[in-house]
Amino acid sequence: MSEEIKNKHTYDENDIVVLEGLEGVRVRPAMYIGSTNSTGLHHLVWEIVDNAVDEALNGYGNKISVCIHKDGSITVSDEGRGIPCGIHKKEKIPTIQLILSTLHSGGKFNDNAYSSSAGLHGVGSSVTNALSEFFDATVYRDGKIYNIRFEDGGRKLAKPLTILGNTTKHGTVITFKPDPRIFSTTDFKYDVIKNHLQESAFLLQNVHFKLKDERISNEEVDFYYKDGLSEYIKNINQNKKPISDVVYFEDNSSDIKIKIALQYCSDDYNETILSYVNNVRTREGGTHESGFKVALTKAINDYAEENKLLKNKQRFEANDVRQGLTSIIALKIPESRLEFEGQTKAKLGTQEAMSAVSNFFYTSFTHYLQENKQFAVDIITKCLESQRERIAARKTKEELRNSKKSKNDLPLSNKLCQAQSKDYKLNELFIVEGDSAGGSAKLARDHMYQAILPLRGKPLNVDSISTEKMLKNEELGTLINTIGAGYGQNFDVNSSRYGKIIIMTDADTDGAHIQTLLLTFFYHYMRPLIMNGMVYVAVPPLYRVYKDDNKNKQQIYCWNNSELAEAKKKIGAGYKVARYKGLGEMNPDQLKSTTMNKKTRQLIRISIEDPLSVERRISVLMGNDSNERRKWVEENVDFNKVDTFKDEVKLNGKK
Ligand code: 28F
């Protein structure tokens, strides 16, 4: 290392206080990235992208690129200052080597004003290194091109820091390949990465986010939204019927910087609120969301009261003003004042954010209402409608209670095969495609805890129909009665008779379509079921590989092509393959062990982690393009798979 490199830098290289090796990360990966499934795999990418975003956020570089390679590796690059490469004063090794090969816990790792580091994020590129087969960093800085390479989870310094040449560029380029010994899948999902980058692009108005997937083509997409949150709202509402333009407010006057965008749609009574702090999603909400909600209710009520628009002078309740509302709140808060709470540290606790947001939004929105009379009338009409429905529903409920009828008196379909247990949390409802599969499922089920409801044909698409029309549909009415917890704004998740609702269809496009129709129904009318992680899709196997000569009876079920290849090898010469085209081809025993038995089945838990995937999923899957639908299902359907079976094997076996 030359003297020149040593002395160039001005930042305090001793900022890093506590140094630890990377061994711990490999022993307990879930502690650092949440899980070792597909979600955890993508965390490796977010760790690196976050660092690039932090650089951009602080004004260094406005282009971040991601490239997925054919060999399973991935490259992330930025045009920031470049990771410092000088010798660290105390540790006497290049700073970049220190950063990439040690966990920097405890110390203040960077001096950025608004770091995106929060919760799981920001634990750093060293975690990604620890879980990668190789990790290669190239830095453009001070006129030089530097390179360093690690292998085997950072345990081997394959190429010590060297200077490759001269350059006028600046920035950081990192390429790594996740270690298949750690992850249950190492397949990067294009859509997942795309949505993450697109989400970031909506939030960082001035940064280009580029993505290329060399496994598919050399085309590069560029996400860049100069209208930021307004475009984000339009994207989310693209398949809905907006009743107004997007309203947008921004406040940069103090060091808590606020951006808020919102739009009302007529054909939806659900609300979608997304909130962010320093570009990290605050899934559990917090003070900024509360401040917004309080101010929204007050601003609408005050305006309506003043203009005599209320019915019987009755002010709106909070829920009345949020039906059909999509809103996004994005804050920037200096790191020193960040406080997070909640189970996953995804809830903002900073108190001053509450009054900052509510004061700013109340003033801006009141002014907007006064200046845009038609807008005010349109949304207040909608609020009055919600209020009317709420009051009517409450009345019905009371009448029902007075007439001593309870939900247990609701007629249940004679097709439903009930579970014996009254311990609702443990009960599972299988919604099964077709009567014949329903018959097998009845034989295969665990009578105590599993109920079967066979579906005839395709359920109704509730995407753009009225509640009245939905209720007239026999199948969906049956479903509502079976679950027994109401629907729509009166849905009470705690009265659900089932802890798990499991959709079981054939593994083909029709099956996927049925799944989507049901999910659309749950999404619109029983959203808390999804929010609480109670809705699942069963995953029947695609193949059975077996040998049935008299000497040995062996069989392996396979869920995808790589498992199929493995099974063929394992069973060896003379193997036979049965391809399941539908649930009906499985006998009850096979159905039981592969798809229904808690210990051996695979389920996908449906979650709406990713705000951009929900509406898109619905629009793609509901559309008429069956090719696009098939492609989407192939790319997405096993994401978030709860590998009950596989994880168990891993726990008892390898690890
Ligand atoms: C593709 C991923 O990781 N980009 C990064 C920087 C820039 C600095 C930095 C990173 C300084 C004191 C540690 C440069 N010059 N992209 C990235 N760009 N890290 S990561 O500094 C790290 C800290 O101790 C940087 C001056 N200050 C900071």
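Residues numbered from 1 in each chain as written. Predicted model: local features only at pLDDT ≥ 70, side-chain atom pairs only at ≥ 80, totals over all residues. Heavy atoms only, no water.

Participant: An account of the site of the ligand is requested, with residue identities and associated values reported.
Facilitator: By nearness alone, 16 residues border the ligand, and Asn51, Glu55, Asp78, Gly82 and Arg141 come closest of all. Within the side chain of Asp78, one N or O atom sits 2.7 Å away from a nitrogen atom of the ligand. The side chain of Arg141 places a nitrogen or oxygen atom 3.0 Å from a nitrogen atom of the ligand. Relative to its free-state accessible area of 600 Å², the ligand is covered by the protein chains to the extent of 92%. Elements represented by at least two residues in the shell around the ligand include exactly helix 4 (38-57), strand 3 (74-78) and strand 8 (171-178). It is helix 4 that contributes the most residues to the shell around the ligand, four residues altogether. Here the shell around the ligand is built from residues that sort into nine nonpolar, three polar and four charged. (Near = heavy atom within 4 Å. Polar contact = N/O pair within 3.5 Å; in protein donor to acceptor, adjacent residues only side chain to side chain. Areas by Shrake-Rupley, 256 points an atom, 1.4 Å probe, with all protein chains shown as cover. Helix = DSSP H or I, 4+ residues; strand = E, 2+ residues; numbered from the N terminus. Nonpolar A, V, L, I, M, F, W, Y, C, P; charged D, E, K, R; others polar.)

Participant: How would you explain the pattern of salt bridges if you had to name every residue and give the values?
Facilitator: The tally for this structure, following the rule as stated, stands at 28 salt bridges. In this structure, Lys156 engages Glu151 in a salt bridge whose closest nitrogen and oxygen atoms are separated by 3.4 Å. Lys156 sits in the partly exposed class, given a relative accessible area of 45%. Residue Glu151 is classed as partly exposed on the basis of its relative accessible area of 22%. Residues Asp435 and Lys415 are paired through a salt bridge, measuring 3.1 Å at the closest nitrogen-oxygen approach. Taken as a pair, Asp435 in helix 12 (residues 435-444) and Lys415 in the loop between helix 11 (373-402) and strand 18 (428-433) lie far apart in primary sequence, 20 residues in all. Take Asp435: its relative accessible area is 44%, and that puts it in the partly exposed class. Salt bridges sharing partners connect three or more residues here, namely Arg26, Asp152, Arg155, Asp179 and Arg181. (Salt bridge = Lys/Arg side-chain N within 4 Å of Asp/Glu carboxyl O. Buried < 20%, exposed > 50% of the residue type's maximum accessible area, 1.4 Å probe, protein only.)

Participant: Run through the pairing of strand 22 (residues 543-547), naming residues and quoting values.
Facilitator: The element strand 22 is largely enclosed, with a buried count of five among its five residues. Here strand 22 shows two buried faces, one formed by Tyr543, Val545 and Lys547 and the other by Arg544 and Tyr546. In this structure, strand 22 lies alongside strand 23 (residues 554-558), joined through five bridges in antiparallel fashion. By the bridge assignment for strand 23, Val545 is matched with Ile556. In sequence, strand 22 turns back onto strand 23 through a hairpin of six residues. With four bridges connecting them, strand 22 and strand 24 (residues 576-579) associate as antiparallel partners. Its bridge partner lying in strand 24, Val545 is registered against Val577. (Pairing = 2+ DSSP bridges.)

Participant: Describe in detail the environment of Leu542, supporting the description with residues and values.
Facilitator: Relative to the elements of secondary structure, Leu542 occurs in the loop between strand 21 (535-538) and strand 22. Along the chain, Leu542 and Leu564 lie 22 residues apart, while their C-alpha atoms are 8.9 Å from each other. Other than its neighbours up to four places away in sequence, Leu542 contacts Ala507, Cys558, Trp559, Ala578, Arg579 and Tyr580. (Contact = heavy atoms within 4.5 Å.)

Participant: Explain the packing of aromatic side chains residue by residue, including any values.
Facilitator: For the coordinates displayed, the defined rule picks out 14 aromatic pairs. The interplanar angle of 20 degrees and the centroid separation of 4.0 Å between the aromatic rings of Phe202 and Tyr225 together place this pair among those described as stacked. With Phe202 in helix 7 (residues 190-203) and Tyr225 in the loop between strand 10 (220-223) and helix 8 (228-236), this pair connects stretches of sequence that are 23 residues apart. No difference in accessibility class separates Phe202 from Tyr225, as the two residues are buried. (Phe/Tyr/Trp six-rings, centres within 6.5 Å; stacked < 30°, edge-to-face > 60°.)

Participant: Describe the sheet that holds strand 23, listing the residues and the values that go with them.
Facilitator: Hydrogen bonding along the main chain pairs the strands of a sheet, whether they run parallel or antiparallel. Across the sheet, which stays open at both edges, the three strands sit in the order 23-22-24 with antiparallel pairing between neighbours. Each edge of the open sheet is held by one strand with a lone partner, namely strand 23 and strand 24. For this sheet, the mean inter-axis angle between neighbouring strands, taken without regard to orientation, is 20 degrees. Packing of helix 17 (residues 561-571) onto the sheet brings it into contact with strand 22, strand 23 and strand 24, and relative to strand 23 it is tilted by some 170 degrees. (Axes fitted to C-alpha atoms, helices over the stretch in contact; angles between N-to-C directions.)

Participant: Outline the sheet that holds strand 11 (residues 247-251), supporting the account with residue identities and numerical values.
Facilitator: Strands sit in the order 11-12-15-13-14 across an open sheet of five strands; the sheet is mixed. A single partner strand is all that each edge strand has here, and the edge strands are strand 11 and strand 14 (280-281). Relative to strand 12 (residues 257-264), strand 11 is paired through five bridges, and the arrangement is antiparallel. Looking across to strand 12, one finds that Phe249 is bridged to Ile260. On the sheet, helix 8 packs against strand 11, strand 12, strand 13 (272-277) and strand 15 (325-332) and is oriented at approximately 150 degrees with respect to strand 15.

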